[in-house]
Amino acid sequence: MKTLKMIAAGVAVAAMTVLGAGYAHADFADPVELSDSDENMPDEGFGEYAVNRAAPGSCLVVQNHTGKGVTMRLNYPASRGKWQFRHNQIGVLTHNGKVVTSPSGRWNVRTNPPIEFVWVYDANMNRHIGCNGAWLLTMN
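This structure is a prediction, so every number in the text was calculated from the model and none was measured.

K.L.:
I tried to follow the environment of Val-62 on my own but got confused; where do I start?
P.N.:
Relative to the elements of secondary structure, Val-62 occurs in strand E4 (residues 58–64). Given the relative accessible area of 0%, Val-62 is considered buried. Put simply, Val-62 and Trp-119 are 57 residues apart on the chain and 9.6 Å apart in space, counted from C-alpha to C-alpha. Ignoring any residue separated from it by four or fewer positions in sequence, one finds Val-62 in contact with Met-72, Phe-85, Gln-89, Ile-90, Gly-91, Leu-93, Leu-137 and Met-139.

Rendered as structure tokens:
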């Protein structure tokens, strides 16, 4: 009986360790730099995605799990330039070496090709690089 309790306690600790170490507790600081500064014009083949929950000063972390490269443009908070993500690339948006943040915390992006997406907010992510939390946009 004593051995069984010790095994059960070990399983509980292991489960808490695994469950508590999910992606939301990680920091994503690999920069993905703006690749051009052209004016954003309507583009053929782009899908538009937005998140409207206020999180002032947040940054945007993108995970590309589409199986191909994706070009992303911002409609808000900026309206210029594009970022390019390779398959399985994860990174935070930067411009001139600085993290791009949203004054209101809202984000509106366009991607080519159009994607399936998931938005998740983590108030503690990337605080060490000047973000007031981060939106994680997973592209599938």
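That shown, we press on.
K.L.:
For this particular structure, what's the right way to read the pairing of strand E10 (residues 107–112)?
P.N.:
Within a regular strand, side chains alternate between the sheet's two faces. Most of E10 is tucked away, with 5 of its 6 residues classed as buried. As paired elements, strand E3 (residues 47–51) and E10 share 5 bridges and run antiparallel to each other. Within E10, the position partnered with Glu-48 by the bridge is Arg-110. Sheet topology note: the strand E5 (residues 70–76)/E10 ladder contains 5 bridges and is antiparallel. Its bridge partner lying in E10, Met-72 is registered against Thr-111.

K.L.:
Please explain the state of the cysteines as it appears in this structure.
P.N.:
Put plainly, a disulfide is one covalent bond tying together the sulfur atoms of two cysteines. As enumerated under the stated definition, the model contains 1 disulfide in all. The partner cysteine of Cys-59 in its disulfide is Cys-131, sulfur to sulfur 2.3 Å. Between Cys-59 and Cys-131, the S-S dihedral sits near 110°, and the bridge is therefore right-handed. Placement of the pair is Cys-59 in strand E4 and Cys-131 in the loop between strand E11 (117–122) and strand E12 (134–139), with a sequence separation of 72 residues. By relative accessible area, Cys-131 is classed as buried at 4%.

K.L.:
What exactly am I supposed to notice about the side chain of Arg-110 here?
P.N.:
Tracing the backbone shows Arg-110 in strand E10. At 2.9 Å, the side chain of Arg-110 forms a polar contact with the side chain of Asn-75.

K.L.:
So what exactly am I meant to see when it comes to the pairing of E4 here?
P.N.:
In terms of burial, E4 is largely enclosed, as 7 of its 7 residues are buried. Burial along E4 is two-sided: Ser-58, Leu-60, Val-62 and Asn-64 facing one way and Cys-59, Val-61 and Gln-63 facing the other are all buried. Note: E4 against strand E9 (residues 101–102), 2 bridges, orientation antiparallel. Each residue of the ladder has a partner; that of Cys-59, found in E9, is Thr-101. Sheet topology note: the E4/E12 ladder contains 6 bridges and is parallel. What sits directly across from Asn-64, in E12, is Met-139.

K.L.:
Looking at this structure, how should I read the packing of aromatic side chains?
P.N.:
Two aromatic rings, taken as a pair, are described by how far apart their centres are and by the angle between their planes. Overall, the coordinates contain 2 aromatic pairs when judged by the stated rule. Taking the centre distance of 6.1 Å and the plane angle of 90° together, the rings of Trp-119 and Trp-135 count as edge-to-face. Within this pair, whereas Trp-119 is found in strand E11, its partner Trp-135 is found in strand E12, the two being separated by 16 residues in sequence. A relative accessible area of 4% means that Trp-135 is categorised as buried. Measuring from centroid to centroid gives 5.1 Å for Tyr-121 and Trp-135, while their planes differ by 50°, and the two rings are tilted. Of the two residues, Tyr-121 sits in strand E11 while Trp-135 sits in strand E12, which places them 14 residues apart along the sequence. For Tyr-121, a relative accessible area of 19% gives the class buried. Ring pairing ties together the aromatic residues Trp-119, Tyr-121 and Trp-135, which thus form one cluster.

Conventions used here
Residues numbered from 1 in each chain as written. Predicted model: local features only at pLDDT ≥ 70, side-chain atom pairs only at ≥ 80, totals over all residues. Heavy atoms only, no water. Helix = DSSP H or I, 4+ residues; strand = E, 2+ residues; numbered from the N terminus. Buried < 20%, exposed > 50% of the residue type's maximum accessible area, 1.4 Å probe, protein only. Contact = heavy atoms within 4.5 Å. Pairing = 2+ DSSP bridges. Disulfide = S-S within 2.5 Å. Polar contact = N/O pair within 3.5 Å; in protein donor to acceptor, adjacent residues only side chain to side chain. Phe/Tyr/Trp six-rings, centres within 6.5 Å; stacked < 30°, edge-to-face > 60°.

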